[in-house]
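# Structural characterization, general
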Amino acid sequence: MNPANPERARIVIASRESRLAMWQAEHVRSRLIEFCPQQTVDILGMTTRGDQILDRPLAAIGGKGLFIKELEVAMQEGRADLAVHSMKDLPMVMPEGFVLAAISARENPCDAFVANRYAGLDDLPAGAVVGTSSLRREATLRARHPQLKIRSLRGNLDTRLRKLDAGEYDAIILAAAGLIRLGLADRIRSVLTPEQSLPAPGQGVLGIEVLAGRADLIALVAPLNDPATAPCVRAERAFSRALGGSCQLPLAAYAELENGRLWLRAFVATPDGRRVASGELRGDPEDAESVGRALADVLREQGADAILEELAAGQ
């Protein structure tokens, strides 16, 4: 029961109204009901500012935080109890008064190549138009496939697929997880390995955000936390946070557990892909955030600060 609304004997999940976001909210709803069958759980669908502004690149309008502000306001006002986010959309620094209460098990973390006439990036002819909303993906594509034309691609997943099918793009790059979750895995022509396109921090993972003072909700969602995924995401986010990471920054960070050890790979680059600082580090999963911060220091030694200064000067 929400203390702000004592009469409410139910849990309300705030979610964006896109099909993928609603799938994610429904997935969390189903999981909550699984281990707490007496609990009523409802979903409050909302349109965010990030969903409304589709004519400009995301990095130019303030970043992915635009997708979550309205959800946080709903929690502050007592209209919702928790919010479900794609972890890669969640700002690296949680706003005051909110906590990340659970990190879900990871779906496929990789990027997916989606096209109607081509099987993979290497099959695209020179001048082919590839769509993405991610500066990380743009930097990778420009560095490894300079013959291609990279154009901004905004909108929810269905909108992006429609634009591809309408011939506006020859191919688009999307997160494999979203396509899989919506039953659209057949649209994936090839999955890009981390070696081909290193994922964004938190890609393929759902995060549960609640008000910091809601100890009852923190306890309720605790079973959703995945002990294998959580340290990986903490390392990725610590790396990104140490470098001031946001969607205005071409930055990748991907960790996995290998023989009980945490293996973190990361890079930061200029959007044209001409300057890149990259590296990897292994450590104890218990020290996940320290591993992330340490790898950020390694990249600074490679010139990451100069790249960050160049990016700041260009904004």
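Now for a description of the structure that goes with this document. (Residues numbered from 1 in each chain as written. Predicted model: local features only at pLDDT ≥ 70, side-chain atom pairs only at ≥ 80, totals over all residues. Heavy atoms only, no water.)

This paragraph deals with the packing of helix α8 (residues 229–242) against helix α9 (residues 288–301). Their axes nearest at 7 Å, the elements α8 and α9 cross at an angle of 35 degrees. When you trace α8 past α9, the crossing you get is right-handed. Counting all contacts with α8, which are made through Pro 231, Arg 234, Ala 235, Ala 238, Phe 239, Arg 241 and Ala 242, the residues of α9 involved are Ala 288, Glu 289, Gly 292, Arg 293, Leu 295, Ala 296, Leu 299 and Arg 300. Grouping the amino acids of the contact of α8 with α9 by side-chain chemistry returns 9 nonpolar, 1 polar and 5 charged. (Axes fitted to C-alpha atoms, helices over the stretch in contact; angles between N-to-C directions. Helix = DSSP H or I, 4+ residues; strand = E, 2+ residues; numbered from the N terminus. Left-handed = near helix turned anticlockwise from the far one by under 90°. Contact = heavy atoms within 4.5 Å. Nonpolar A, V, L, I, M, F, W, Y, C, P; charged D, E, K, R; others polar.)

Strand residues, when the strand is regular, have side chains that alternate between the two faces of the sheet. A large share of strand β1 (residues 10–16) lies buried, amounting to 6 of its 7 residues. Relative to strand β2 (residues 40–46), β1 runs parallel, the two being bridged by 7 bridges. Across the sheet, the residue bridging to Arg 16 is Met 46, located in β2. In this fold, the crossover linking β1 to β2 by way of helix α1 (residues 19–35) has right-handed handedness. Sheet topology note: the β1/strand β3 (residues 82–86) ladder contains 2 bridges and is parallel. (Buried < 20%, exposed > 50% of the residue type's maximum accessible area, 1.4 Å probe, protein only. Pairing = 2+ DSSP bridges. Right-handed = clockwise from strand over helix to strand, strands pointing away.)

A few words on the side chain of Thr 229. Considering the arrangement of structural elements, one finds Thr 229 in helix α8. A relative accessible area of 7% places Thr 229 in the buried class. A polar atom in the side chain of Thr 229 sits 3.3 Å from the backbone nitrogen of Arg 106. (Polar contact = N/O pair within 3.5 Å; in protein donor to acceptor, adjacent residues only side chain to side chain.)

Evaluation of the coordinates by the stated rule reveals 0 aromatic pairs. Above the face of the Trp 263 ring, Arg 265 is positioned so that its terminal group lies 3.9 Å from the ring centre. (Phe/Tyr/Trp six-rings, centres within 6.5 Å; stacked < 30°, edge-to-face > 60°. Lys NZ or Arg CZ within 6 Å of the ring centre and 35° of its normal.)

Attention now goes to the sheet that holds strand β12 (residues 261–269). Spatially, the 3 strands line up as an open sheet ordered β11-β12-β13, and their pairing is antiparallel. Because the sheet does not close on itself, it has two edges, and the strands there are β11 (251–258) and β13 (276–283). Going across the sheet, the axis of each strand differs from the next one's by a mean of 10 degrees, ignoring polarity. In this sheet, β13 lies alongside β12 in antiparallel orientation, the contact comprising 8 bridges. Among the inter-strand pairings, Ala 269 is bridged to a residue of β13, identified as Val 276. Its contacts with the sheet put α8 on β11 and β12, and the angle it makes with β11 is roughly 150 degrees.

Side-chain pairs of opposite charge can arise where the charged atoms are in close proximity. Evaluated as defined, the whole model comprises 24 salt bridges. We note a salt bridge from Arg 275 to Glu 310, for which the minimum N-O separation is 2.5 Å. Taken together, the positions of Arg 275 in the loop between β12 and β13 and Glu 310 in helix α10 (residues 304–314) put the pair 35 residues apart, joining distant regions of the chain. Look at Arg 275 and you get partly exposed, because its relative accessible area is 36%. (Salt bridge = Lys/Arg side-chain N within 4 Å of Asp/Glu carboxyl O.)

As a further point, take unusual backbone geometry. Positioned with a positive phi, Asn 259 is a non-glycine residue whose angle comes to about 55 degrees. Following the sequence through the fold, Asn 259 ends up in the loop between β11 and β12. The exposure class assigned to Asn 259 is exposed, which follows from its relative accessible area of 79%.

Moving on, we get to the environment of Arg 274. Along the polypeptide, Arg 274 turns up in the loop between β12 and β13. A C-alpha to C-alpha distance of 6.2 Å links Arg 274 and Ala 143, two positions 131 residues apart in sequence.

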